[in-house]
Amino acid sequence: MELLSPKAFPDLTEAECIVIQRQLAPLTVQHGPLTAQSVRTAAGVDIAYWQEGETERAVCCIVVIDCETGQVVEKRHAAGTVSVPYRPGCLAFRELPLVLEAAEGLSAPPELYLFDGNGILHPRGMGLATHASFYLNAPTAGLAKHYFRVEGASLTQPQAAAGSYSDIVKDGTVLGRALRTHQGVRPVYVSVGNRVDIDTVTALALRLTDRESRVPRPTRLADLETHAMRRVLRDGAPLG
């Protein structure tokens, strides 16, 4: 399927966005060669918004880490005006242009992109992590801090022990998992984006979570970076 240029996204109606999602959804693959131990570099991706008068702006930050050492390998960001209105379930059309612009600035592609958001845990199986995979031509996954409820999906909260998880299931299909990365903390919600399996995403999320947070390091650092860059771009604050 030929991908629509992100430059055309502002002209789409909500109905056209949904048609595109439904066309792409059957093309996703919930498996791949990556394992939690084989991934050498993973990129966290996050976006922050702000208003400038009547104009909505946003910045996307990508932070690539070495999965063995946990050290930051590279950081890139892209900022601009948001020209696509908010439509529930169609977030990717707002955010993909900046995601792709930031990714184009990377000196080397990471083996896996981890989004602060969802993959197939979505009404049409097409959250930002999944939609982005087609444009990035790379495996992707979602690591969300909050539960995105999909109608008809069921979830029982996992036990309190670190590493415990519960599947989010709809019609016999696993859409994601609620995962406790530390004893007794609120879970994070992992989901396949594309070209990777849920067990790998789950194990990698645990591997990449340190003692500083319940959120895996790549998306946590990307979240911190977006807030820092927003202060710089919106308020003129010094970086660092």
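Every value quoted in this text rests on a predicted model; they were computed, and no experiment measured them.

Asks: Account for the nonpolar core, naming residues and giving values.
Replies: Ranked by size, the top nonpolar core spans 36 residues in total, and within it Cys60, Ile62, Phe93, Leu96, Tyr113, Phe115 and Leu136 carry the most contacts. Looking at this core, the elements that each hand over two or more residues are helix H1 (14-24), strand S1 (41-52), strand S2 (55-66), helix H2 (91-104), strand S4 (112-115) and helix H3 (128-136). For this core, the element with the highest residue contribution is H2, accounting for 8 residues. Beyond its immediate sequence surroundings of up to four residues, Tyr113 is in contact with Ala43, Val45, Ile62, Ala103, Leu106, Leu136, Ala138, Pro139, Thr140 and Ala141.

Asks: Residues and numbers for the sheet that holds strand S8 (residues 188-194), please.
Replies: Reading across the sheet, the 8 strands line up as S3-S2-S1-S4-S5-S8-S7-S6 and stay open at both edges, with mixed pairing between neighbours. Whereas interior strands pair on both sides, the edge strands pair on one side only; in this sheet they are strand S3 (72-81) and strand S6 (165-170). This sheet shows a mean twist of 25 degrees between the axes of neighbouring strands, independent of strand direction. Sheet topology note: the S1/S2 ladder contains 12 bridges and is antiparallel.

Asks: How would you explain the pattern of salt bridges if you had to name every residue and give the values?
Replies: What the rule picks out here adds up to 14 salt bridges. Of the charged contacts, one joins Asp210 and Arg220 as a salt bridge, the two residues approaching to 3.1 Å between their closest N and O atoms. Taken together, the positions of Asp210 in the loop between helix H4 (198-207) and helix H5 (217-235) and Arg220 in helix H5 put the pair 10 residues apart, joining distant regions of the chain. The class for Arg220 is buried, based on a relative accessible area of 13%. Between Arg234 and Asp235 there is a salt bridge, with the nearest N and O atoms lying 3.0 Å from each other. Using a relative accessible area of 48% as the deciding quantity, one classes Asp235 as partly exposed. One network of salt bridges, in which partners are shared, links Asp210, Glu212, Arg217 and Arg220.

Quick notes on the rules
- Residues numbered from 1 in each chain as written.
- Predicted model: local features only at pLDDT ≥ 70, side-chain atom pairs only at ≥ 80, totals over all residues.
- Heavy atoms only, no water.
- Core = buried A, V, L, I, M, F, W, Y, C linked by side-chain atoms within 4.5 Å.
- Buried < 20%, exposed > 50% of the residue type's maximum accessible area, 1.4 Å probe, protein only.
- Helix = DSSP H or I, 4+ residues; strand = E, 2+ residues; numbered from the N terminus.
- Contact = heavy atoms within 4.5 Å.
- Pairing = 2+ DSSP bridges.
- Axes fitted to C-alpha atoms, helices over the stretch in contact; angles between N-to-C directions.
- Salt bridge = Lys/Arg side-chain N within 4 Å of Asp/Glu carboxyl O.

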